[in-house]
Amino acid sequence: MTWLVAGPIVVPLSAAVVTGFLMGYGGIQRLVSLCSGIALFGTAVALLTNVWNEGVTAAQIGNWPSPFGITLVADHLSAVLVLITAIIALAAIVYSFEDIERRGLATVLHPLLHALMAGVCGAFLAGDIFNLYVWFEVMLIASIGLLVVGGTRAQLDASVRYAALSLIATTLLLTGIGLLYGLTGTLNMADLHLRVQEVENEGLLTVIAVIFIVAFGIKSAVFPLFFWLPASYHTPKVTVSAVFSGLLTKVGVYALMRVFTLIFTNDIGYTHEILLWVAGFTMVTGVLGAASRNDLRRILSFHIVSQIGYMIMGLALYTPLGLLGGIFYTVHHIIVKANLFFVAGAIRRFGGSSRLARLGGLYRDAPLLAALFFIPAFSLAGFPPLSGFWAKFLLIRASMDVHEYAIAATALAVGLLTAYSMTKIWLNAFWKGRPEDAMPTRPPSRSEGFFLLAPVVGLAAITLAIGLYVQPFYELAERAAQELMHPAEYVGAVLGEDAVSGAGPSPAGPGGSGN
Amino acid sequence: MEKASARVPLYSRLVVALPAGLFVWFASMVPSVAGGEAQFASIGWLPQLGVDLAFHVDGLGLLFALLITGVGTFILLYASEYMRGHPQVGRFTAFLVAFMLSMLGVVLSDNLIVLFVFWELTTLTSFLLIGYSHGDSAARRAALQSLIVTGAGALAMLAGFVLLGNAAGSYSLREMLAGDSDLAGHPAYVAMLVLVLAGAFTKSAQFPFHFWLPNAMAAPTPVSAYLHSATMVKAGVFLLARLNPVLGGTDEWGMTLTGFGAFTAVYSAAVALTRTDLKQILAYTTLMALGVCVMFIGLPQSRGADEVPLGAVAAVAFVFVHALYKAPLFMVAGTIDHSAGTRDIRSLGGLRKAMPWSLLAAALAALSMSGVPPFAGFVGKEILYSSAIGSTYGVAATAAIVTANAMIVSAALLVVAVPFLGQSPATRPTPHEGRWPMWIGSLVLGVAALGAGLFPRLAFEWLLLPAAGAVAGRQPHFEASLWHGFNLPFALSVVTLSAGALAYWQRNRLTGALGSALARLPVTGDSAYDWLMNGIARVSVVHTRIVQCGIQRRYLLIVFATLGASVLTTLVVKGVIAWPARIPDVSFVEWLLAILIAASALVTIRSHSRLMAIVALGVVGTGIALIFLLHGASDVAMTQLMVETLVVVIVAMVLLKLPGFRREVRQTGLGRWRDAIVSCVVGLTTTLVLLAVTAEPSHRRLTEYFQKTAVPEGFGANVVNVILVDFRGLDTLGEISVLALAAVSAYTLINWRPRRSARAAARSKAFPEAEGAAKPETLS
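Remember, predicted model here, so these are calculated numbers, not experimental data.

This next bit is on the overall build of chain B. Along chain B, the regular secondary structure elements total 33 helices and two strands. Relative to the 2.2 N^0.38 estimate, which gives 28 Å for 780 residues, the radius of gyration of chain B is 38 Å and therefore markedly larger than a compact globule would have. Oriented by its inertia axes, the alpha-carbon framework of chain B measures out at about 115 × 65 × 55 Å. Taking all 780 residues of chain B together, the buried fraction comes to 52%.

A few words on the interface of chain B and chain A. Taken together, the 108 residues of chain B in the interface contact 127 residues of chain A. At the boundary of chain B with chain A, total buried surface from both sides reaches about 10600 Å², with 71% on carbon and sulfur atoms. Counting every contact that joins chain B to chain A gives three salt bridges. The salt bridge partner of K574 of chain B is D267 of chain A, with a shortest N-O separation of 2.7 Å.

Attention now goes to the pattern of salt bridges. Considering all chains together, one arrives at 24 salt bridges over all chains under this definition. Between D530 of chain B and R141 of chain B there is a salt bridge, with its nearest N and O atoms 2.9 Å apart. Of this pair, D530 of chain B sits in helix 23 (residues 525–547) while R141 of chain B sits in helix 7 (residues 137–168), and the two are 389 residues apart along the sequence. You can call D530 of chain B partly exposed: its relative accessible area is 31%. A network of salt bridges, in which partner residues are shared, links D191, R195 and E198 of chain A together with R701 of chain B.

On the surface, L646, V649, I650, M653, V654 and L658 of chain B cluster together to form a nonpolar patch covering roughly 540 Å² of accessible area. Structurally, V649 of chain B can be placed in helix 27 (residues 634–657).

Enumeration over the complete set of coordinates arrives at 54 aromatic pairs over all chains. Measuring from centroid to centroid gives 5.1 Å for F124 of chain A and Y254 of chain A, while their planes differ by 80°, and the two rings are edge-to-face. In this pair, F124 of chain A sits in helix 4 (residues 109–125) while Y254 of chain A sits in helix 10 (residues 238–262), placing the two residues 130 residues apart along the sequence. Accessibility expressed as a relative area gives 0% for F124 of chain A, which makes it buried. The class of Y254 of chain A is buried, set by a relative accessible area of 2%. Put simply, the rings of Y363, F373, F374, F378, F383, W426, F430 and W431 of chain A together with F127 of chain B touch in pairs and so form one group of aromatic residues. Note that R479 of chain A overlies the ring of W52 of chain A, its terminal NZ or CZ placed 3.5 Å from the centroid. Positioned above the aromatic ring of F40 of chain B, the side-chain terminus of R174 of chain B is 3.7 Å from the ring centre.

Moving on, we get to the packing of helix 8 (residues 202–219) of chain A against helix 24 (residues 552–573) of chain B. Interaxial distance between helix 8 of chain A and helix 24 of chain B falls to 9 Å at its minimum, and their mutual angle equals 160°. Here helix 8 of chain A lies roughly antiparallel to helix 24 of chain B, going by the angle between them. Like other packed secondary-structure pairs, helix 8 of chain A and helix 24 of chain B cross with a definite hand, here right-handed. Between helix 8 of chain A and helix 24 of chain B, the residues in contact are T206, V207, V210, I211, V214 and I218 of chain A and V559, L563, S566, V567, T570 and L571 of chain B, respectively. Broken down by class, the residue content of the contact of helix 8 of chain A with helix 24 of chain B amounts to nine nonpolar, three polar and no charged.

Residues and elements named next belong to chain B. Where helix 18 (residues 394–421) meets helix 21 (residues 488–505), the closest approach of the two axes is 8 Å, and the angle between their N-to-C directions is 45°. Taken as axis vectors, helix 18 and helix 21 run oblique relative to one another. Read as a crossing pair, helix 18 and helix 21 show a hand that is right-handed. Note on element contacts: helix 21 touches helix 18 through L492, T496, L497, A499, G500, A501, A503 and Y504, opposite T398, V402, N405, A406, V409, S410, L413, L414, A417 and V418. A breakdown of the residues in the contact of helix 18 with helix 21 according to their chemical character gives 13 nonpolar, five polar and no charged.

To continue, consider the environment of L514 of chain B. Residues and elements named next belong to chain B. With respect to the helices and strands, L514 occurs in helix 22 (residues 507–519). For L514, a relative accessible area of 19% puts it in the buried group. Leaving out residues up to four positions away in the same chain, L514 has contacts with A270, L273 and T274.

Turning to the side chain of T235 of chain A, a few remarks are in order. Relative to the elements of secondary structure, T235 of chain A occurs in the loop between helix 9 (228–232) and helix 10. At 2.8 Å, the side chain of T235 of chain A forms a polar contact with the backbone oxygen of S232 of chain A.

To continue, consider unusual backbone geometry. Omega for the bond connecting P384 of chain A with P385 of chain A falls within 30 degrees of zero, at 0°, which places this linkage in the cis form. By the secondary structure assignment, P385 of chain A is in the loop between helix 15 (367–380) and helix 16 (387–401). Within the chain, F715 of chain B stands out as a residue other than glycine whose phi angle is a positive 55°.

Applying the stated rule across the entire model yields zero disulfides over all chains. Not engaged in a disulfide, the cysteine C121 of chain A finds its nearest cysteine sulfur in C35 of chain A; these two sulfurs lie 18 Å apart.

Residues and elements named next belong to chain A. Residues T57, A59 and I61 of strand 1 (residues 57–61) are buried on one face, while the alternating residues A58 and Q60, pointing to the opposite face, are not. Examined bridge by bridge, strand 1 and strand 2 (residues 70–74) share five bridges and lie antiparallel to one another. From the neighbouring strand, Q60 faces strand 2, where its bridge partner is T71.

Attention shifts here to the confidence of the model for chain A. Residue and element names in this part refer to chain A. Scored by pLDDT, chain A has a mean of 91; 97% of the residues are at 70 or more. Looking over chain A, one finds the lowest element-wise mean pLDDT in helix 21 (residues 497–501), namely 71, and the highest in helix 4, namely 96. Residue range residues 503–515 is modelled with pLDDT below 50. Its contacts to residues more than four positions away, or to other chains, number 23 contacts.

A few words on the confidence of the model for chain B. For any part of a model where pLDDT is low, the fine detail of the predicted coordinates should not be relied upon. Residue and element names in this part refer to chain B. Predicted confidence across chain B gives a mean pLDDT of 87, with 93% of residues reaching 70 or more. Segment residues 761–780 is flagged for pLDDT under 50; beyond a separation of four residues in sequence, or across chains, it makes 44 contacts in the model. Reported confidences for the modelled complex are a pTM of 0.93 and an ipTM of 0.93.

So, on to the environment of A499 of chain A. Tracing the chain through its elements places A499 of chain A in helix 21. Separated by 305 residues in sequence, A499 of chain A and L194 of chain A place their C-alpha atoms 8.5 Å apart.

This part takes up the pairing of strand 2 (residues 51–57) of chain B. All names here are of chain B. Sheet topology places strand 1 (residues 39–46) next to strand 2; seven bridges connect them, and they run antiparallel. Paired with S42 across the bridge in strand 2 is A54. In textbook terms, the turn of a hairpin is the stretch between consecutive antiparallel strands, and for strand 1 and strand 2 this stretch comprises four residues, one of which, G50, has a positive phi near 75°.

Reading guide: rules and limits
Residues numbered from 1 in each chain as written. Chains lettered and ligands numbered in written order. Predicted model: local features only at pLDDT ≥ 70, side-chain atom pairs only at ≥ 80, totals over all residues. Heavy atoms only, no water. Helix = DSSP H or I, 4+ residues; strand = E, 2+ residues; numbered from the N terminus. Rg over C-alpha atoms; globule rule 2.2 N^0.38 Å. Buried < 20%, exposed > 50% of the residue type's maximum accessible area, 1.4 Å probe, protein only. Contact = heavy atoms within 4.5 Å. Buried area = accessible area lost by both parts, 1.4 Å probe. Salt bridge = Lys/Arg side-chain N within 4 Å of Asp/Glu carboxyl O. Patch = residues over 30% accessible without salt bridge, like charges linked within 9 Å, V, L, I, M, F, W, Y side chains within 5 Å. Areas by Shrake-Rupley, 256 points an atom, 1.4 Å probe, with all protein chains shown as cover. Phe/Tyr/Trp six-rings, centres within 6.5 Å; stacked < 30°, edge-to-face > 60°. Lys NZ or Arg CZ within 6 Å of the ring centre and 35° of its normal. Axes fitted to C-alpha atoms, helices over the stretch in contact; angles between N-to-C directions. Parallel < 35°, antiparallel > 145°, perpendicular 65-115°, else oblique. Left-handed = near helix turned anticlockwise from the far one by under 90°. Nonpolar A, V, L, I, M, F, W, Y, C, P; charged D, E, K, R; others polar. Polar contact = N/O pair within 3.5 Å; in protein donor to acceptor, adjacent residues only side chain to side chain. Disulfide = S-S within 2.5 Å. Pairing = 2+ DSSP bridges. pLDDT = per-residue confidence, 0-100.

This is how it looks when you write it as C-alpha cells:
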C-alpha cells in the first residue's frame, strides 16, 4: 500500500530527474515524458480504485509510526484530485509537443512539469502539515521555473510578481504551522484533529485559523489576495498556463478544504462565516475582472478567481451537500478551465491573436474549434447538460437548503456574468467577421491538429460525460464530502482505530442537508 | 442571398421525416390521453437529489408536443427551401432539430430540474439560431440579448425550482400535483412565485422583458416562425399552465398574471400597428398573444369553484389557435421577403397575382387571426370573451382583451391586405411564387384552422379539454360549438371586427398618434438593457482598474494589510491578547541583541544605499542566529549564519551589477505613514500571537520520542540529523528537489538567449501582435 500511495509522488519525481538528464535529446525526452504521464495516470487510477474499494489508505513513510514520522494519506478527495492532476498532466504533455520547441532550453519544460506534478500530488496526499508546506514549496519553485520558459520580458515581469506574493503565502504558512505546533505539539493532521480538541484557548486556535485562511487564501487566489494570478497567468506558454489554471490554485482550495474540515472546526460560526464572505467577494470581483478584459487568456484568468469563490462557498457552507458541491465544482473546474486555456492557445495559433479585437471569423473558418470552445465555455457558464450545470446546481441547492440566500443569489448572478463573458468571446472570436487588416486564418497542419486538439477533445469529452452521466461522479464527490464531514475514518486510517474512539465525530454544521 | 440554382442538400429534406414521424407517434397517443391515461416513463439521472429523467405525456404536454412536431414538420420543410444556397445550412438544420428535441423535453418533463435542463437547451439553441447571420452585428446583439434576458430569468427560475422542490419534497410535477402540500401557505410562497415568474415572463417575453423578442427577428424566418412565435416563447406560458394547479389559485398569482398579461397584450398590440416590417408586426402580435395566454391562465373566475374553469380553457384554446395562424403568417412573410426582396409594407403591394398560393394561405391564417367565423380563431375568441366577462376583473379584463383583439384585427389586415391586395409599386422586380415547400405548410395549417373552427367539438374533446384539464387541475365539462347564439361575446366579436376594420381604414392617423405616444416613453426595455450592459462593462473596468492596478507595491500592501487587519481583529474579538503568565528571564545579552536587531531593521528601511540595506539585513539575520545560539540550538544557528552570509554576499554582488532602477518611486508623506502603520500592525499581531502561543503549555511528545528512538532505531547520535534524513526524510527529499529545481530554473534563465527562434520570428511576422499580445503589467 505504501508504494501505491507514494506512487503519484515517486513517478513524476523520477520522471523529472530522467527528463532533466534528457534535455537536448528531443525525441527521447518527449517519449519518456509521455510514458511518465501515462504511468502517473495509471498509478492514479490504481490509487482511486483502491480507495474506492478499501476506504482511506495511509502510508507511513520510513515505517515510523504516526504521528512521529510522515504519513501520506489518500482519501477519496485526495485520490480524485490526484487522478484529475494526472489527466491534466497527460493532456499538457501531449499539447506541449506542438506548443514547445523540440530542442533547446524550452525542453526544460518537461522536468519542471513533472516536478510540479510531484508537488501537486504530494500536497494532495500529505498527511502531515509540514510536509504539505514542503510540497507547496516544490510547486512554487517549479512553477516559477515554468513561468519563465520562453524568457520574454512579460514572463519575467510576471514571475517577479508571482514569486513575491507567493513567497509571502509560503512564509505565512510556515508561521501558521509553527504556531499550531507550539499550541498542539504535533504536525500530523489526523493527530492535529484530536489534539486541537484538547486545546483550552480556543480563541487562539481561531487566530491561527485566520492566519491559515490568509496563507492558503493567497495560494488559492481569493479576494483580496488574488493579485498575483491575473498578473501572471496570461504570460507563459499555453501549456504552462493551462496547467497552472487547472491545478495551482486548486491545491490552495484543497488545503483549505482539508484544514477547515479536519483541524479548524472549533469555531465554525467565525471562520466559516469569514470564508463565506470571502467566497462571495471572490466570485464577484473575479467575474468583474473578466468582464473588463479583452484578451482571451486574461479573461480566463480572472474567471479562475471567480470560480475559486464557488469552491470556497461549498466549504464555507460546511454541510455534506455544500462540501460535495465544492468538491464537484473543483473537479469540473480543473477540467474545463485547463481545457479553455488549451483552446485559447489553439485560437491564437489558428486565428493569429488572443485579443478579441484582432480575432474573428473562426466560426466560419474553424467549425471544429468553435465546437471545442463552445463545450467548455458554456460548461463554465453553468449551462446544462454540461458538468458546470451540476456543479452550480449542487452549490445553489446546498446554500438554499441552509437558507443562505444571499450567497445563492450571488452565485447565480455571477453565473450569468460568466455566461456574458463567454459569449463575449464567442461573439468576437467566432461570429464577428475578421478585422480588415487581420491575416486570413491559418488552417492547422496535421501535427498541430492532432497535438493541440486531441487534449481538447479528450477534456471536452470528460465535461460532457460528467454532465450526461453525473451519478457516479456525484457518488465519488459524496464519499469525499462524507469523509471530510466525518474525519473519523481518516483519523483511524492514519493513527489506528484505537485513536478514533477517544475522539467524537466532528461538530455538526449549521444545518443538515436534506435530500 | 438566394441562389435559385443551388441544390437543396438531401439531408435537409430527409430530416423532415423526424418531426413528421414524431407527430404521428404523438398523435397515436391522443385517444388514450384524452381518455385520461397519461403516459409516463422514467430513468434515474441523479436519484440522490431526486433528479430523474422522467417524462410524462398528459393532455397539456401532448397538445404542445403535437404543435411542436406538427409545426416543426412544415418549418423544416420550409427551411430546406428557404435556406437554399445559404452557407452553414448543415449547422442551421442541426440546431433547429436540436431545438425541437429540447422543446419536446421542456413540455414532456415531469421533473422540474430536467425541465430546466431542456429549458436552457432551448435558450442555447435559440442563441445559436438568432446569431445565424453572424456577420451582422444586429444579429449578434439580438442573440446575446436573448441569451442574457432569458438566461437571467432562467437562473431565477432555477432558484425558484429549488425552493419549490424543498417545499414540496420532490421535483416531480406528478408528485406535486398529487400531494396535498399546501404551497400557497408556505412561508416562501411569494419568493417561489416571484422567482418562477421571472423565468416564465422572460422566456415568454412579458412586459417589461418583452424587448428581446422583436430583436430576435434578426434570425432567419423559419427560426422566427418556429422558435419565436409558435414554440419556444410559449415555454413560459407552458410553465405557468403547468404550475397553475401547484402555485395558482392565490390572489398574488391571479393579480400578477392578469396584470402583466393584459398590459403586455394591449401594449404590444398597439406597437404592432406602428411597425412597417412584416416580421416586426408579427413579432408584436406574438407578444400580444403571449400576453393573452398569461392573462387567462391567471384570470380568476368569479363564479363558484365547481363551475367550468373557463380561463384555462380559453388560454389553451388560444395557444392552439395562435400556433395555427402565426406560423403560416411568418412563413408567408418569409416567402414575400424572398420573392419581393423586402418585408417593408410601405414598398409592398399587388402580390396577389404572382403569389396565389401564398395569398390563400395568408388569407386563411389572417381570417383565423381576426377571429372571423367559422375559423378556429373565432371559437377561441368567443371563449376568451366569455371567460373575461365571467372573471372577477370583469369589465377591466374584457376591455383589455377587446382592445387588444381589435388592434390585432388591424394588424392582420396590415400583414395580408397591404402586400397582396394593395397597389403594386412600380419599381419592384417581378415577384414570383415560392416553390411548393414554401407555401404547402402554411396552407395546411390554415386549412387546419378552418377545420378546427368548423368542427370545434373534435378539437376540444381530443386535444384542448384534456390540456385544459391539466391546467385547471380537474377535468372541465365544456361544450364547444361554433355558434353560441346572439350573446354578449358575439356582440363583442362584432365590435372587435368593426373596430379593427375601422382602425385599418384610419391607419395612417392612428399609427401617427400611437407612434408619437410611444416615442414619448422615457425608457424602453431595449435602452434599459443597453444601459445595464454598458453599466456592467463600465463598472467592471473601473472596479478592475482599482483592484488590479498593476502596481506590485500596492498588491503587497493590500496582502499585508489584510493579514494584519484580520489577525488583529480576531485577536481582539476572541479576546486572546495575553501576556505570558511568567515573564521569561531575558538576559542582558539578549536585550542587547534585540536592540541590535531592531536597530538594523530600521537601518534597512531607512537606508538610501542598497548595499547598506543588505548589510543591515545581514545583521538582523546574524542577530537572530546569535539568539538561537544562546538557547543552545547550535545546528540551527550555524545554518542561519551560513544562509545569512551567503545571502549578503550574493545579493551584494548582484546589486553591484544591477543598473539603477529607472522610474523608481519612493513613498513620501502619507504613503510612508500608511506603509509604516501596516507593517507595524503585522509585526505587532505576529508578536501578540506568538506571545499567546508561548503562554500555553508546551508539548514535548515528539521531542521525547525522537530523543528516545534516534539511537536504537534511527542509528544516529545526532537527533537533528536523524530527524532530517530518517524521521522526516520525505521533507528533506522535497527540500532537495526545491534546490535542484531552483538551480535548473536559474540555469535556463541565465542561458536563455533573448533572441527569437526562426519559427517564432516567422510567425510574429505573419501575426505581428502574436508576441506583443501579452504586455507586462507595469512594474514599479
